[in-house]
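# Residue-level structural notes
Listed below are the residues making up each chain.
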Amino acid sequence: MQQVRKAVIPAAGLGTRVLPASKAMPKEMLPIVDKPAIQYIVEEAVAAGITDILIITNRGKGIIEDHFDHNIELEQRLEAGGRTETLAQLQRINSLANISYIRQKETKGLGHAISCARSFVGDEPFAVLYGDDVIIGDDPACGQLCRAYEKYGLGVVGIKEVTVEQIQKYSSLAVEALGGNEYRVSDMVEKPTPDRILSLFSILGRCVLPPSIFEILEQTPPGAGGEIQLTDAMCTLARRDGMTGVDFTGIRYDMGNKLGILQATCEVALKHPEVGADFAAYLKELAKTL
Ligand code: UTP
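One structure accompanies this document, and this report is about it. It should be emphasised that the depicted structure is a prediction, and the values quoted were computed from it without experimental measurement.

What counts as what
Residues numbered from 1 in each chain as written. Predicted model: local features only at pLDDT ≥ 70, side-chain atom pairs only at ≥ 80, totals over all residues. Heavy atoms only, no water. Pairing = 2+ DSSP bridges. Helix = DSSP H or I, 4+ residues; strand = E, 2+ residues; numbered from the N terminus. Axes fitted to C-alpha atoms, helices over the stretch in contact; angles between N-to-C directions. Contact = heavy atoms within 4.5 Å. Near = heavy atom within 4 Å. Polar contact = N/O pair within 3.5 Å; in protein donor to acceptor, adjacent residues only side chain to side chain. Areas by Shrake-Rupley, 256 points an atom, 1.4 Å probe, with all protein chains shown as cover. 1 Å grid on protein atoms, 1.4 Å probe; cavity = no way out; pocket = protein on both sides within 12 Å on 5 of 7 lines; lining within 4 Å. Sits in = over half its atoms within 2 Å of the grid points. Nonpolar A, V, L, I, M, F, W, Y, C, P; charged D, E, K, R; others polar. Buried < 20%, exposed > 50% of the residue type's maximum accessible area, 1.4 Å probe, protein only. Salt bridge = Lys/Arg side-chain N within 4 Å of Asp/Glu carboxyl O. Core = buried A, V, L, I, M, F, W, Y, C linked by side-chain atoms within 4.5 Å. Phe/Tyr/Trp six-rings, centres within 6.5 Å; stacked < 30°, edge-to-face > 60°.

Right, let's get into the sheet that holds strand E4 (residues 52–57). Ordered in space as E5-E4-E1-E6-E11-E8-E12-E10-E9, the nine strands form an open sheet in which the pairing is mixed. Edge positions in the open sheet fall to strand E5 (98–103) and strand E9 (171–179), since each of these has one partner strand only. For this sheet, the mean inter-axis angle between neighbouring strands, taken without regard to orientation, is 35 degrees. For strand E8 (residues 156–161) and strand E11 (residues 201–209), the ladder comprises five bridges, and the chain directions are antiparallel. Across the sheet, residue Glu161 finds its bridge partner in E11, namely Phe201. Running at roughly 155 degrees to E4, helix H1 (residues 37–47) makes contact with strand E1 (6–10), E4, E5, strand E6 (126–129) and E11 of the sheet. This element, helix H10 (residues 230–241), spans E8, E9, strand E10 (182–190), E11 and strand E12 (243–246) of the sheet and lies at about 130 degrees to E10.

Close contacts around the ligand come from 18 residues, with Gly13, Gly15, Thr16, Glu28 and Gln104 the closest. Here an oxygen atom of the ligand and a side-chain polar atom of Thr16 are 2.6 Å apart. Separating a nitrogen atom of the ligand from a side-chain N or O atom of Gln104 is a distance of 2.7 Å. In isolation the ligand has 580 Å² of accessible area, and contact with the protein removes 85% of it. Using a 2 Å cut-off from the grid points, one finds that the ligand occupies the largest pocket. Looking at the shell around the ligand residue by residue, the class counts come to six nonpolar, seven polar and five charged.

Checked against the element boundaries, Asn58 lands in the loop between E4 and helix H2 (62–67). Among the residues examined, Asn58 registers a relative accessible area of 6% and is labelled buried.

Moving on to the pattern of salt bridges. As enumerated under the stated definition, the model contains 20 salt bridges in all. Glu124 serves as the salt-bridge partner of Arg5, at 2.7 Å between the closest nitrogen and oxygen. Pair noted here: Arg5 is in the segment before E1 and Glu124 is in the loop between helix H6 (118–121) and E6, with a separation of 119 residues, a long-range link. By relative accessible area, which is 35% here, Arg5 ends up partly exposed. Residues Asp187 and Arg239 are paired through a salt bridge, measuring 2.8 Å at the closest nitrogen-oxygen approach. Here Asp187 is found in strand E10, whereas its partner Arg239 is found in helix H10, with 52 residues between them in sequence.

Core analysis: the largest hydrophobic core is formed by 45 residues, its most contacted members being Ile50, Ile53, Ile55 and Phe68. The set of elements that each furnish at least two residues to this core consists of E1, H1, E4, E6, strand E7 (133–136), helix H7 (141–152), E11 and helix H11 (258–271). Excluding residues that lie within four positions of it along the chain, Ile55 makes contacts with Ile9, Ala11, Ile38, Ile64, Phe68, Ile99, Ser100, Tyr101 and Ile102. By size, the runner-up hydrophobic cluster in this structure holds 35 residues, among which are Ile56, Ile159, Leu173 and Met243.

Applying the stated criterion across every chain, the model contains three aromatic pairs. Centroid distance Tyr183 to Phe201: 4.9 Å. Interplanar angle 50 degrees. Geometry classified as tilted. In this pair, Tyr183 is assigned in strand E10 and Phe201 in strand E11, connecting sequence segments 18 residues apart. According to the relative accessible area criterion, Tyr183 is buried, its value standing at 16%.

Attention shifts here to the side chain of Asp254. For Asp254, the location among the structural elements is in strand E13 (residues 251–254). Here Asp254 is in contact with Arg17, Asp132, Asp133, Tyr170, Gly260 and Ile261, once residues within four sequence places are set aside.

The subject of this paragraph is the pairing of E9. Where E9 meets E10, eight bridges bridge the pair, whose relative direction is antiparallel. Within E10, the position partnered with Glu176 by the bridge is Arg184. Between E9 and E10, which follow one another and run antiparallel, lie two residues, and Gly180 among them has a positive phi close to 60 degrees.

Read these as geometric descriptors, not functional statements.
Structure (structure tokens):
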């Protein structure tokens, strides 16, 4: 089975749930302690063996490109000041992977954003890492999905069980257990009403798709919210060929939602080598006043 070496990170959404923070600053650039969310995502892809990444942006998201590029003036200043550790940290960001960019000219939905990646992907399977979903764990979630693609040769979705309230805002999958954390997925529905819930398993933040998804996307009409939904295209794929669901390990933080941003900040800060101990002491004192 063909190895997955390309990834697409859609980051062209309007981020209306985290306004006004996302008015001039892409939500994908919101920091978790000292790194923007999208850097965690790029690092996860690289740790999973991905070598080529396409980030889908749009107007006003140019600072994502700046973040993964050299900043010569800053590098020279750090070098002159002997700040070699910080300099090495910055230079590592520039050389993480081959990163290219394309603009989604109109925000017509996640499915439409993915269709902008067609010429980058060519005839290969590719991973999709949603630009506002940070997953932190020892075994990169993207790598867990790539292994399942290489094992079964079918498209793969990262899945987790969520509550009845949450599933109505996400997608719901028809699943059959394959053993371990793997499932066969035969159907799915985006933002189901209570009578259309197939199971409490939902797609969260990651998938690996075969290139045939692009023909399906071409035929996919606008769905929920008038947008071209990637879930609708994956539903066609799942009904036609079947897909694999991987209940991935790792903690997922939804950076497209205010509570998700706070949870990510708190939990990552507590483990941070530089500020973790002081932050824990601060939180303990604060908790006494709640
Ligand atoms: P979301 O639906 O979470 O992002 O899409 P959104 O549209 O920005 O959310 P709202 O406005 O708060 O409801 C998941 C990922 O897909 C990207 C987003 O940037 C996000 O990373 N996306 C979404 C696109 O690239 N293009 C789109 O047209 C829609």
